[in-house]
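Close look at the chain arrangement
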Amino acid sequence: METALRIAGMALATFFTRYAMIAMVGREPSALFRRWLRYVPAALLAALIAPAALTSPGEVSIHARWAAMGVGALLAWRTRQVLPSLAGGLVTFWVLSIL
Amino acid sequence: MGLSKQARQGTFTDFRRGLIATVPLIPGVVVFGLLYGVMARQVGLSPWETWAMSLVVHAGSAQFTALGMWASAGTGAIVLTTLAINLRHLLMGASVAPHLLGLPQRWRPLLALWMSDESYAVSITAYRQGIGSAAYFLGANVGIYLAWPASGLVGALLGTVLPDPARYGLDLVFPLAFLGLLMAFIEDRKTAAVAVVAGLLAIVGSRILSGQWHVLVAGLLASLGGILLEEVERMWRRR
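Report follows, based on the coordinates. What you see is a predicted model, and the numbers here were worked out from it, not measured in a lab.

Helix length check: helix α5 (residues 82-98) of chain A (17 residues) gives 24 Å between terminal C-alpha atoms against 24 Å at 1.5 Å per residue, within 8%. Those residues of α5 of chain A lying buried are Val-82, Ser-85, Leu-86, Gly-88, Gly-89, Leu-90, Thr-92 and Phe-93 of chain A. Close packing links the buried residues of α5 of chain A with α4 (62-79) of chain A together with α11 (173-182) of chain B.

Okay, structure coming up:
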């Protein structure tokens, strides 16, 4: 019962955070809001990426992670696609962690 | 810009495209789903409770954090922590909301329900590239949702100790894939500067803040910084 209550509470809290802004923006946003929104995806994605790239969990070589993210960033910049940066980064990490 | 005039409901083809766009991310989702399932069993949840949590909460970092405090904290603390960790979704919601204006009202709760970091990233990139629609967004949501609860259940049923994903670089799947998506938003020096500042703030923030607060704080401050840059540029031109 306690477990069901906890899970239900977590589900409600999560839905609230996902729905609140989507529900509130009910009309054409103002010019200032639109100017701000232009920067939100870049800021959010960078904020999701950066800590994972620079912190090393456990005994994994931090240099292999940096190299993987560096190669990934280069490929992302040149191709602007997901698969090249994902594949290039992972292969770089595997090669360096085997060596 | 007239965002609402571009709001598209989309077709089944768009739904399929959104679903396919999440495929590169699925290995990362599955690895963490398995890990979540194993960890849930260790704190005493049954496989069905483990599965149910993923089905109705569907928020990886919040679920891991909840498991970490499962034995020591009360229900209120766990729910509040979940709320705090997911506050970053407010920013994501604000960012997609204008693309949904003019669509039938029922789309909004439906799309909000399964919006994850991953499906947001894929969908907002599609909107940026002009191929986005509600159906595409739904497809991306469903793609991640097909993988997360199922892999959690499998992990709970296996229950064995898994090797650390970081050893095989598997925790780099999301940051590497997000790099490819990020580039769609680097349009000029201002957006590039905003991304760099957000990254630096998030690194500093992740050291001093708990949970996922650093994503919200860095995302909010850096994006507001973009407006500041525009103002500085305007003043500079006026001189």
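So much for the structure itself; the text now carries on.
Next up on the list: the packing of aromatic side chains. One pair of aromatic rings is described through two measures. These are the centre distance and the angle between the planes. One pass over the structure, following the stated rule, counts nine aromatic pairs over all chains. Taken together, a centroid distance of 5.8 Å and an interplanar angle of 20° make the contact between Phe-12 of chain B and Phe-15 of chain B stacked. A residue pair is termed a helical-turn pair when its members lie 3 or 4 positions apart in one helix, as Phe-12 of chain B and Phe-15 of chain B do in helix α2 (residues 12-21) at three residues. We classify Phe-12 of chain B as exposed; its relative accessible area is 59%. Ring pairing ties together the aromatic residues Phe-32, Phe-174 and Phe-178 of chain B, which thus form one cluster. Between Arg-6 of chain A and the ring centre of Trp-70 of chain B, over which it is positioned, the NZ or CZ distance is 4.7 Å.

Met-53, Tyr-120 and Phe-178 of chain B are the most contacted members of the largest nonpolar core, which totals 93 residues. Once you skip the residues sitting within four places of it in the chain, Tyr-120 of chain B turns out to touch Val-40, Pro-41 and Leu-44 of chain A together with Met-92, Ser-95, Val-96 and Met-115 of chain B.

Now for the interface of chain A and chain B. On the chain B side, the residues contacting the 66 residues of chain A number 94 residues. Interface area for chain A against chain B, summed over the two sides, is near 7,000 Å², with a carbon-plus-sulfur share of 73%. The largest contributions to the chain A side of the interface with chain B come from Arg-6, Arg-18 and Tyr-39 of chain A, which together make up 12% of the buried area. Put simply, chain A and chain B have five salt bridges between them. Notably, a salt bridge pairs Asp-188 of chain B with Arg-38 of chain A, separated by 3.0 Å at the nearest N-O pair. The interface formed by chain A and chain B holds 22 residue pairs in polar contact (both at pLDDT 80 or more) in total. When contributions to the side of chain A that touches chain B are tallied by element, the ones reaching two or more residues are α1 (2-24), α2 (31-37), α3 (40-54), α4 and α5 of chain A. Residue contributions to the side of chain A that touches chain B peak at 19 residues, all from α1 of chain A. Partitioning the side of chain A that touches chain B into residue classes produces 46 nonpolar, ten polar and ten charged.

Procedures and definitions
What you see as residue numbers is a count from 1 along each chain, following the sequence as written. Labels follow written order: the first chain is A, the first ligand is 1, and so on. Confidence filtering applies because this is a predicted model: local features only for residues at pLDDT of at least 70, side-chain atom pairs given and counted only at 80 or more, and all residues used for totals across whole chains, interfaces and linings. Computation of side-chain values: all heavy atoms of the structure, hydrogens and water removed. We count a stretch as a helix when DSSP gives it H or I for four or more residues in a row; a strand needs E for two or more, and each element gets its number in order from the N terminus. Here the expected span of a helix is defined as 1.5 Å times the quantity of residues minus one. Buried means the residue's accessible area, taken with a 1.4 Å probe over protein chains only, is under 20% of the maximum for its type, while exposed means over 50%, and partly exposed covers the values in between. Two residues form a contact once any of their heavy atoms are found within 4.5 Å. Any two of the Phe, Tyr and Trp rings considered here, Trp counted by its six-membered ring, make a pair once their centres fall within 6.5 Å; the pair's planes then place it as stacked at under 30 degrees, edge-to-face at over 60, or tilted in between. Only Lys NZ and Arg CZ are tested; either one counts as a charge over a ring when it is within 6 Å of the ring centre and within 35 degrees of the ring normal. The definition of a nonpolar core used throughout is a set of buried Ala, Val, Leu, Ile, Met, Phe, Trp, Tyr and Cys residues joined through side-chain atoms within 4.5 Å. As used here, buried area is the combined drop in accessible area, with a 1.4 Å probe, of two parts when they are placed together. For salt bridges, the criterion is a side-chain nitrogen of Lys or Arg within 4 Å of an Asp or Glu carboxyl oxygen. Polar contacts here mean pairs of N or O atoms no more than 3.5 Å apart (in protein, one a potential hydrogen donor and the other a potential acceptor; neighbouring residues in sequence count only if both atoms are side-chain atoms). Three classes are used, and their members are as follows: Ala, Val, Leu, Ile, Met, Phe, Trp, Tyr, Cys and Pro are nonpolar, Asp, Glu, Lys and Arg are charged, and the others, Gly among them, are polar.

Such coordinate-based values are descriptive only and should not be taken to indicate function.
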